[in-house]
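Okay, here's what each chain looks like letter by letter:
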Amino acid sequence: MEIRLAKKEDIPGLLKLLRQVGQVHHEIRPDIFRDGAQKYDDADLQALLEDPTRPVFVAVEEGGVLGYCFCIHKSCKGHSVMLDRRELYIDDLCVDENCRGKGIAAALFDHVRGYASDQGFDVITLNVWCGNDRAMAFYEKTGMTARNITMELPL
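Residues numbered from 1 in each chain as written. Predicted model: local features only at pLDDT ≥ 70, side-chain atom pairs only at ≥ 80, totals over all residues. Heavy atoms only, no water.

Before going further, it helps to spend a moment on the packing of aromatic side chains. Counted under the stated rule, the structure contains 8 aromatic pairs. Taken together, a centroid distance of 6.2 Å and an interplanar angle of 90° make the contact between F109 and F138 edge-to-face. Residue F109 is located in helix α3 (residues 104–118), and its partner F138 is located in helix α4 (residues 133–141); the two are separated by 29 residues in the primary sequence. With relative accessibility at 3%, the residue F109 sits in the buried group. Ring centres 6.4 Å apart and planes at 55° place the aromatic pair F109 and Y139 in the tilted group. In this pair, F109 is assigned in helix α3 and Y139 in helix α4, connecting sequence segments 30 residues apart. Taken as a pair, F109 and Y139 share a single burial class, namely buried. Above the ring of Y89, the side-chain terminus of K74 is found at 4.2 Å from the ring centroid. (Phe/Tyr/Trp six-rings, centres within 6.5 Å; stacked < 30°, edge-to-face > 60°. Helix = DSSP H or I, 4+ residues; strand = E, 2+ residues; numbered from the N terminus. Buried < 20%, exposed > 50% of the residue type's maximum accessible area, 1.4 Å probe, protein only. Lys NZ or Arg CZ within 6 Å of the ring centre and 35° of its normal.)

The phi dihedral of E62 falls on the positive side, at around 50°, and the residue is not glycine. Overall, the relative accessible area of 82% leaves E62 in the exposed class.

Along α4, the positions that sit buried rather than exposed are A135, F138 and Y139. Looking straight down α4, one finds its buried side chains confined to an arc of 95°; they lie on one side. Pointing more than 90 degrees away from the buried face of α4 are the exposed residues D133, E140 and K141. Tucked into the core, α4 has its buried residues touching β4 (85–95), α3 and β5 (123–126). G143 lies just past α4 and shows a positive phi near 105°. (Arc of directions from axis to C-beta. Contact = heavy atoms within 4.5 Å.)

Before going further, it helps to examine the state of the cysteines. Inspection of every chain in the model, using the stated rule, returns 0 disulfides. Unpaired in terms of disulfides, C69 finds its nearest cysteine sulfur in C71, a separation of 3.9 Å. Here C99 is not cross-linked by a disulfide; its sulfur's nearest cysteine counterpart is in C94, at 10 Å. C99 sits in the buried class, given a relative accessible area of 14%. (Disulfide = S-S within 2.5 Å.)

Running from amino to carboxyl end, helix α1 (residues 11–28) crosses helix α2 (residues 42–49) at an angle of 120°, the nearest separation of the two axes being 10 Å. When the axis of α1 is compared with that of α2, the two are oblique. α1 and α2 meet at a crossing whose hand is right-handed. Residue-level contacts link I11, L14, L15 and L18 of α1 to D42, L45, Q46 and L49 of α2. Its residues assigned to classes, the contact of α1 with α2 shows 6 nonpolar, 1 polar and 1 charged. (Axes fitted to C-alpha atoms, helices over the stretch in contact; angles between N-to-C directions. Parallel < 35°, antiparallel > 145°, perpendicular 65-115°, else oblique. Left-handed = near helix turned anticlockwise from the far one by under 90°. Nonpolar A, V, L, I, M, F, W, Y, C, P; charged D, E, K, R; others polar.)

Structure (structure tokens):
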């Protein structure tokens, strides 16, 4: 297995995984997420792959995309309350449902951690939906801890 920056030829594999993660979110929160929806389409992905501040890493084997990690460079500078810092935000991390439990997510996360360290980021952040217990357990295992919690009151 190789982990590298995504290329245009990876787009079909990325789209397949985006549908899978969209379904996971729909199953957890059908009151928020549409059934059968995906976060990005082909055109969105082509634009993302050209944006150096939005790296997309893929785990590939024999030309197939086994998993991905979408990242976003963020920074806080000159804020009146917050300290200056560079943040690598994990926008989405997914492993093909047929390949889960084989260490692919851990390999992707370790690769992203190395990238963030090499690029001088201060922190890696992400959001996890309550109810996505498998993802929460995985991120806790990597050493991540909760920073803030978004609460809601449905009306």
